[in-house]
Amino acid sequence: MSNSSPAIQAINLSKKFGSQEVLRGIDLEVPAGSIFGLLGLNGMGKTTLIRTLLGLLRPDGGECRVEGIDPVANPLEARRRIGYMAENPTMYGWMDVGQIIKWVGSFYPTWDPTRAEELRKKMRLDAKVKVGSLSKGQTSRLAILLALAHRPATVILDDPILGLDPIARRDLLRDVIVHLQGQQVTVFFSSHLLYEIEPICDRVAILHHGKIIQTSTVERMKENIRKIVFQSVDAEKLASIPGLLDIQQVDGQYAVTVENFEAARPRIAQLTRDPMEVLALSMDEAFEAYVTGRREVVHV
Amino acid sequence: MLIRLELSSAAPIYRQIVNQVKYQIASGMLRPGDRLPSVRELAQRLPANQNTVLKAYDLLAREHLVNRRPGEGSFILDGVSSLKKSARLRQTAEIFGQAAAQCLQSGVSEKEAHDLLDQEFQKLSKGRKGHE
């Protein structure tokens, strides 16, 4: 997995809509065979990045490769190599499941009807049921099937768990493990629900205001990030801690969140001699520190 | 083998799996010779990344709590962790540290805390005997 070339690569990728910079120099590498979660609040550029990687949007700067193909120069070839599931997949409600499978299949030279039929059975989808009458969970299973049956090496899912209830979410994440990781397919997917997707990801990247502000394995992020509660400290010096993500003032005490406790420890040791408390964080708390953290002391 | 992931926990997923297997060994729910589900099977059941489950199984094997036999599966071994005593003490101290803080915060006295710990030991030893 580590030696082969990356499944997806972006170098300094930028995209503007009018005067609004939505992607501001994205650098990204998705290792082949990995399950990679792209995390960000709504409106931070997740869908724009995905549509650019698919060749549906033309970037204003930088470049990208998907399965070694430049989607700007060869959008059709790129889309043939990728399985794609759009956010809120719009489906043709009047077709039945069997018809839409045939219809979508006709666009792909590498479509495998046997695989499609196999997946349809595994995903418990009735061929005769109208697409319009499927539940949200069934619709997203159908979208996964349609993204998979041409045997792509990379699959891109745009917020696949959006709008699903907790049980349908778990089913979908399980489908990703069973049908995608089980087949060594690279999975790149976006979400705004970090704690839900944590168990299935190898790596995550946090996209915030058009930039990747952190990328790491899920484990390393959890093991490095710490909140330190000081009993006493010179507040003005807190901003000098390396990897600072957040400063909170609670009842006269300061709680500081750092990206990597080991790296910040020498500086922290200089700031106080009193005992301090060091706390680990959940994925949600870590995500919050990255995207809404205050990097300076706010005087109330 | 029942593993439950705590998604709001600060503990990494592989660590949660390792700790729950250790607890089940200590309580007698898992017995020497018992076979763990395959990596793929547990990954699909949770659901969790196969690499995460693999990492948990590797750690258990490194502590000689589990024997991974290629092509056959992973089996519970008889014995305590082969980690150095100092490492085992450190792991335990971390858990006790959190428990002590919880006691202080909830107004549980030292005496009560010791009694609770005794009860937990009794529960575990009962579970082990129950199987014999």
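Residues numbered from 1 in each chain as written. Chains lettered and ligands numbered in written order. Predicted model: local features only at pLDDT ≥ 70, side-chain atom pairs only at ≥ 80, totals over all residues. Heavy atoms only, no water.

Draft legend 1. Region of the structure containing the overall build of chain A. Scanning chain A from N- to C-terminus turns up 10 helices and 13 strands. Dimensions of chain A, computed from C-alpha atoms along their principal axes, come out at roughly 70 × 40 × 40 Å. Here chain A holds 300 residues, and the buried ones make up 51% of them. Across chain A, the fraction of contacts at a sequence separation of at least 24, relative to all contacts at a separation of at least 6, is 71%. For chain A, the accessible surface area stands at approximately 14,000 Å², while carbon and sulfur atoms represent 48% of it. One way to put it: in chain A the 36 positive side-chain charges average out to a point 6 Å from where the 36 negative ones average out. (Helix = DSSP H or I, 4+ residues; strand = E, 2+ residues; numbered from the N terminus. Buried < 20%, exposed > 50% of the residue type's maximum accessible area, 1.4 Å probe, protein only. Contact = heavy atoms within 4.5 Å. Areas by Shrake-Rupley, 256 points an atom, 1.4 Å probe, with all protein chains shown as cover. Lys, Arg positive; Asp, Glu negative; His and termini not counted. Charge placed at Lys NZ, Arg CZ, Asp CG, Glu CD.)

Draft legend 2. Layout of the side chain of Glu63 of chain B. Residues and elements named next belong to chain B. With respect to the helices, strands and loops of the structure, Glu63 is situated in the loop between α3 (50–62) and β2 (66–69). Note on Glu63: relative accessible area 4%, which makes it buried. Contact partners of Glu63, with chain neighbours within four places excluded, come to Lys22, Val80, Ser81, Ser82, Leu83 and Gln91.

Draft legend 3. Local environment of the packing of aromatic side chains. Residues and elements named next belong to chain A. If you walk through the whole model with that rule in mind, you get four aromatic pairs over all chains. For the pair Phe36 and Phe188, a centre-to-centre distance of 5.7 Å together with 40° between the ring planes defines the contact as tilted. With Phe36 in strand β3 (residues 35–39) and Phe188 in strand β7 (residues 186–191), this residue pair connects regions lying 152 residues apart in the sequence. When sorted by exposure, Phe36 lands in the same class as Phe188, which is buried. With 6.0 Å between their ring centres and 25° between their planes, Tyr108 and Trp111 make a pair best called stacked. (Phe/Tyr/Trp six-rings, centres within 6.5 Å; stacked < 30°, edge-to-face > 60°.)

Draft legend 4. Layout of helix α6 (residues 166–180) of chain A. Spanning 15 residues, α6 of chain A covers 21 Å between terminal C-alpha atoms, matching the ideal 21 Å at 1.5 Å per step. Capping the start of α6 of chain A, Asp165 of chain A holds a side-chain oxygen 3.0 Å from the backbone nitrogen of Ile167 of chain A, two or three residues further along. (Expected span 1.5 Å × (residues − 1). Polar contact = N/O pair within 3.5 Å; in protein donor to acceptor, adjacent residues only side chain to side chain.)

Draft legend 5. Spatial organisation of the packing of helix α1 (residues 13–26) of chain B against α3 of chain B. Residue and element names in this part refer to chain B. Packing of α1 against α3 leaves a shortest axis separation of 8 Å and a crossing angle of 45°. One way to sum up the angle between α1 and α3 is to call them oblique. The crossing of α1 and α3 is right-handed. Facing Ile13, Tyr14, Arg15, Ile17, Val18, Val21 and Lys22 of α1, the residues of α3 in contact are Thr52, Val53, Lys55, Ala56, Leu59 and Leu60. (Axes fitted to C-alpha atoms, helices over the stretch in contact; angles between N-to-C directions. Parallel < 35°, antiparallel > 145°, perpendicular 65-115°, else oblique. Left-handed = near helix turned anticlockwise from the far one by under 90°.)

Draft legend 6. Structural context of the pattern of salt bridges. All names here are of chain A. One pass over the structure, following the stated rule, counts 19 salt bridges over all chains. Across the pair Glu63 and Arg65 runs a salt bridge whose closest N-O atoms are separated by 3.3 Å. Given a relative accessible area of 41%, Glu63 falls into the partly exposed group. On the basis of relative accessible area, Arg65 is assigned to the partly exposed category, the value being 29%. Connected via shared salt-bridge partners are Glu63, Arg65 and Asp70. (Salt bridge = Lys/Arg side-chain N within 4 Å of Asp/Glu carboxyl O.)

Draft legend 7. Examining the pairing of β2 of chain B more closely. All names here are of chain B. Inspection of the sheet shows β2 paired to strand β3 (residues 73–76) by four bridges, in the antiparallel sense. Paired with Arg69 across the bridge in β3 is Gly73. Here β2 hands over to β3 after three residues, with Gly71 in that stretch at a positive phi of 85°. (Pairing = 2+ DSSP bridges.)

Draft legend 8. Geometry of the nonpolar core. Membership of the largest hydrophobic core comes to 75 residues, with the highest contact counts inside it found for Ile101 and Leu142 of chain A together with Ile17 and Val53 of chain B. Apart from the residues lying within four places of it in its own chain, the contact partners of Ile101 of chain A are Trp111, Ala116, Arg120, Leu142, Leu145 and Leu146 of chain A. Counting residues in hydrophobic clusters, the runner-up holds 24 residues, among them Leu28, Ile50, Leu54 and Ala78 of chain A. (Core = buried A, V, L, I, M, F, W, Y, C linked by side-chain atoms within 4.5 Å.)

Draft legend 9. Here's a closer look at the sheet that holds strand β1 (residues 8–17) of chain A. Residues and elements named next belong to chain A. Pairing is antiparallel in the open sheet, where three strands are placed in the order β2-β1-β4. Where the open sheet ends on each side, the last strands, each with one partner, are β2 (20–30) and β4 (61–66). Taking each pair of neighbouring strands and ignoring which way they run, the sheet shows an average axis angle of 25°. Across five bridges, β1 lies against β4 in antiparallel orientation. Directly across from Ile11, in β4, lies its bridge partner Glu63.

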